[in-house]
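# What the coordinates show
This is what each chain is made of:
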Amino acid sequence: MRKNIVAGNWKMNTTLDEGVELANEINEKVKGIKRNCEVIICVPFTHLTSVNAVIESENVALGAENCSEHDKGAYTGEVSAAMVKSTGATHVILGHSERRQYFGENNEQLLAKTRQALANGLTPIFCVGEVLEDRENGSYNDVVEGQVEALFDLTAEDFGKLVIAYEPVWAIGTGKTATADQAQDMHAHIRKVIEGKYGKDVADNTSILYGGSCKPENAKEIFSKPDVDGGLIGGAALKADSFMGIIEAFN
Ligand code: PEP
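All of the points below concern the structure found in this document. (Residues numbered from 1 in each chain as written. Predicted model: local features only at pLDDT ≥ 70, side-chain atom pairs only at ≥ 80, totals over all residues. Heavy atoms only, no water.)

A word on helix H11 (residues 216–223). Inspection of H11 places Asn-218, Ala-219, Ile-222 and Phe-223 among the buried residues, and these make up the whole buried set. Taken down its axis, H11 places every buried residue within 125 degrees of arc, on the same side. Exposed residues lying more than 90 degrees from the buried face of H11 are Glu-217 and Glu-221. Check the buried side of H11 and you find it contacts strand S1 (5–9), helix H9 (180–198), strand S7 (208–211), strand S8 (230–233) and helix H12 (240–247). (Buried < 20%, exposed > 50% of the residue type's maximum accessible area, 1.4 Å probe, protein only. Helix = DSSP H or I, 4+ residues; strand = E, 2+ residues; numbered from the N terminus. Arc of directions from axis to C-beta. Contact = heavy atoms within 4.5 Å.)

Listed below in structure tokens is the structure:
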């Protein structure tokens with residue numbers, strides 16, 4: 001059965017010392033509670049090895065925020081999935097709307113990155129979500145469906161290894177959260193789309209996370225919806241207390 005997951009996305013925040021301190025604090029706090037979800041922190045490339053040294057995998061798993069679509073070679077400044085894996089990371093965020101928007105990542109590249117991640121034993125946390133205009137003109141279901149379908153060249157076995165994160169772009173970092181019903185409707189839609197291609201088993205076993213201004217005050221209601229299996233958390237993941245408040249929403 002699918003897992004409940006709370007994953008933090010640190011983005012381009014924290015120096016190395018700050019990041020290690022935050023990871024350590026999260027690890028210690030998670031250790032001290034009974035919890036009903038897997039906890040993942042996705043951190044900048046520069047922090048992976050040092051953060052891995054202070055977390056315990058049974059409490060907190062480690063992820064990167066991106067990886068290259070290439071295997072290795074002359075791609076100055078890029079970081080491959082194999083490099084990410086070699087730090088001890090187990091997850092990687094792919095297709096975040098900031099990567100799509102500011103770095104022009106397209107469906108073809110994202111499929112290639114997903115293949116690289118899977119080939120190197122990383123679990124992709126694959127992000128999808130519509131912009132405000134799509135929400136307002138009513139095309140949001142089609143837009144998100146298209147982003148999920150971009151992965152439909154994967155085998156059912158490979159698709160079954162993914163975590164999907166629905167992050168309406170208009171809710172990211174804006175303080176504007178989708179309502180729990182809007183999240184549920186989209187998650188159910190995504191699950192239907194997956195079922196149409198890969199069948200009920202794969203669809204039922206895929207964890208679909210909500211992301212977009214999720215905080216301790218709204219997490220419980222959003223997570224209570226049947227197709228919402230947790231959250232991908234930006235701003236609120238940068239303070240141990242607010243991140244813990246979201247993790248505890250599952251208790
Ligand atoms: C994110 O960028 O993945 C995100 C969900 O950000 P925030 O929680 O800050 O809206």
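Now that the structure has been shown, we can carry on.
On to the site of the ligand, then. Near the ligand there are 14 residues, and of these Lys-11, His-96, Glu-167, Gly-173 and Ser-213 occur at the shortest range. His-96 places a side-chain nitrogen or oxygen 2.7 Å from an oxygen atom of the ligand. Separating an oxygen atom of the ligand from a side-chain N or O atom of Glu-167 is a distance of 2.7 Å. Protein chains shield 95% of the accessible area of the ligand, which is 290 Å² for the free molecule. The residue inventory of the shell around the ligand, partitioned by class, reads four nonpolar, eight polar and two charged. (Near = heavy atom within 4 Å. Polar contact = N/O pair within 3.5 Å; in protein donor to acceptor, adjacent residues only side chain to side chain. Areas by Shrake-Rupley, 256 points an atom, 1.4 Å probe, with all protein chains shown as cover. Nonpolar A, V, L, I, M, F, W, Y, C, P; charged D, E, K, R; others polar.)

Aromatic rings considered in pairs are described by the distance between their centres and by the relative angle of their planes. Per the counting criterion, the structure on display carries five aromatic pairs. On the basis of an interplanar angle of 70 degrees and a centroid distance of 6.0 Å, the ring pair of Phe-152 and Phe-159 is categorised as edge-to-face. Since its relative accessible area comes to 0%, Phe-159 is described here as buried. Chaining the aromatic ring pairs together yields one cluster made of Phe-152, Phe-159 and Tyr-198. For the cation-ring pair, Arg-99 lies above Phe-103, with the distance from its terminal atom to the ring centre recorded as 4.0 Å. Above the face of the Tyr-140 ring, Arg-135 is positioned so that its terminal group lies 3.7 Å from the ring centre. (Phe/Tyr/Trp six-rings, centres within 6.5 Å; stacked < 30°, edge-to-face > 60°. Lys NZ or Arg CZ within 6 Å of the ring centre and 35° of its normal.)

Worth remembering: the numbers are spatial, not functional.
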